[in-house]
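Here is what each chain is made of, one letter per residue.
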Amino acid sequence: MGLFVLGNVTQAVVRSVVYNRSDFNAFLRPAIEVRFFDKNFLIDFLFNSYPPFFYTLISLFSPFALWFSSLLWALSICLLSYYCFFLCFYFIEKSSGRIVPYKWLSFFICIPLIATNIHMGQSNTLVLFLILLGMVGLYAKEKYSAWIGFAIALKVTPLIIAFFMFLKGKVRSVGYIAATTLLLLFLVPIFFYGFEKSMEMNSLWVKNVLAPFFSGQEIGTSNTGYYHSNQSLDAFINRHFTNYAVEKYGGLHKKIDWVIFSENQAKFVGMLIKTILVMGMSVLTFWKRNCKTTWFYELSAWLILLLWISPSSWINHYIFTMPAICCLLLGVDLKKPLQFKNNFSLWMLIWFLFFIHLGYGSYMQSFSPIFLGSISLLLGCIHLLVKEKKTHMSSIG
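These numbers were taken from a predicted model, which means no experiment stands behind them. (Residues numbered from 1 in each chain as written. Predicted model: local features only at pLDDT ≥ 70, side-chain atom pairs only at ≥ 80, totals over all residues. Heavy atoms only, no water.)

Student: Let's hear about the overall build of the chain: which residues, and what values?
Tutor: Each helix and strand counted, the chain has 20 helices and zero strands in total. In terms of overall dimensions, the chain is globule-like: its C-alpha atoms have a radius of gyration of 21 Å, near the 21 Å expected for 397 residues. For the chain, the spread of C-alpha atoms along the principal axes amounts to about 60 × 55 × 45 Å. In the chain, buried positions account for 55% of the 397 residues. Partitioning the contacts of the chain with sequence separation of at least 6, the portion at a separation of at least 24 is 74%. When the 31 basic and 16 acidic side-chain charges of the chain are each reduced to a single mean position, those positions are 11 Å apart. (Helix = DSSP H or I, 4+ residues; strand = E, 2+ residues; numbered from the N terminus. Rg over C-alpha atoms; globule rule 2.2 N^0.38 Å. Buried < 20%, exposed > 50% of the residue type's maximum accessible area, 1.4 Å probe, protein only. Contact = heavy atoms within 4.5 Å. Lys, Arg positive; Asp, Glu negative; His and termini not counted. Charge placed at Lys NZ, Arg CZ, Asp CG, Glu CD.)

Structure below.
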């Protein structure tokens, strides 16, 4: 464990300071330029889709030297990764009343995802931690679900978790989440940038990112595309059912890709599939929604849908599959590994592990192995929650 942390933290600092190839640099530079040099991140820095509040948070690292900032950020991600595991297991055991077996397996499976987020300097672990903190806090008092609003203020896609909670009948929690999100998005940046500049940046963000995201249009930033590292549903459809990958990557794509759509048709098909997935998961969530023991299975499934629905889900975003990996351990029995019917969860984890380790190098990533692997996690979560809802009807407190 110590070598894992040391190796990845060292790589994170070297990538940031020596090679300027860390995503943390892409966060910190706009944060400094916007706060101190009167730049606008949606005019001068088009490679990110984060709201102004995100840059407000990152600007807190600006007083430090780059090496120290990147070191602090990498160590924070390591610590948050540990607490994400802790919150996952706490939530599972609290809601299901069962002890999770083989906890060490979850770390083993998640190693590539954790490592990518550390040495790339990404922010997804922080967002996942805030979501889990809000969900665990819900068991104490509904107002603690406001932590999910913090996550949404950093990255809009966790908004789908608020929808999940609405389906579960937690209307008051949704109110806390909405109030926190609006407060952080629109009020906090005023203290850093002033009223006029803050409102200008927020309006541009709504126009170029938020509105296109909900309408299914192309987001007005340059960090979306269908190339290999994007493992979203849109990217999968465009790489394998249009001529995109045939022209860009060639090779085996010429033989196995089924080129039947134009780019516009692929967008329509993607939107249709997303709608069906959300509707289907909504039905499963609403069905026997007072069943207490399935909360974590449902949350895990919605987090996978979050990755598929987003127009850009890079490999490091798949840290959001950590809860699904942890909850599938409930259905694992290593003493009887070959009994597929009674060990469905184990085989779904093996499927995911196999595909995730195919994703080395740009050419292999162009075949969407991470996306294909996540299908097994979604199937495993649905299998567990349907099985549980058929046998339990406990009321959530």
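Student: Tell me about the packing of helix α9 (residues 159–167) against helix α16 (residues 295–309), residues and numbers included.
Tutor: The contact between α9 and α16 brings their axes to 10 Å, and the two run at 145 degrees. Of the two possible hands of crossing, α9 and α16 adopt the one that is right-handed. Residues Ile-160, Ile-161, Phe-163, Phe-164 and Leu-167 of α9 pack against Trp-295, Glu-298, Leu-299, Trp-302, Leu-303, Leu-305, Leu-306 and Ile-309 of α16. For the contact of α9 with α16, a count of residues per class yields twelve nonpolar, no polar and one charged. (Axes fitted to C-alpha atoms, helices over the stretch in contact; angles between N-to-C directions. Left-handed = near helix turned anticlockwise from the far one by under 90°. Nonpolar A, V, L, I, M, F, W, Y, C, P; charged D, E, K, R; others polar.)

Student: If you had to explain helix α8 (residues 146–154) to someone new, which residues and values would you point to?
Tutor: Owing to its 3.6 residues per turn, the α-helix brings residues three or four apart onto one side. Of all nine residues that make up α8, seven are buried, and the element is covered over most of its length. Listed in full, the buried residues belonging to α8 are Ala-146, Ile-148, Gly-149, Ala-151, Ile-152, Ala-153 and Leu-154. Turning to α8, the residues buried within the fold contact α4 (52–58), α7 (124–138), α9 and α10 (171–193).

Student: Report on the environment of Thr-321, specifying residues and quantitative values.
Tutor: Summarising the element assignment, Thr-321 is placed in the loop between α16 and α17 (322–328). Thr-321 gets classed as buried once you look at its relative accessible area, which sits at 0%. In this structure, the C-alpha to C-alpha distance between Thr-321 and Cys-110, residues 211 residues apart in sequence, is 8.6 Å. Not counting chain neighbours up to four residues away, the residues in contact with Thr-321 comprise Leu-113, Ile-304, Leu-307, Phe-352 and Leu-377.

Student: Go over the pattern of salt bridges with me, naming the residues and quoting the values.
Tutor: Inspection of the entire model under this criterion finds five salt bridges. One salt bridge connects Glu-93 with Lys-103, and the closest N-O pair in it is separated by 3.1 Å. Taken together, the positions of Glu-93 in helix α5 (residues 66–96) and Lys-103 in helix α6 (residues 103–120) put the pair ten residues apart, joining distant regions of the chain. Residues Lys-274 and Asp-234 are paired through a salt bridge, measuring 2.8 Å at the closest nitrogen-oxygen approach. (Salt bridge = Lys/Arg side-chain N within 4 Å of Asp/Glu carboxyl O.)

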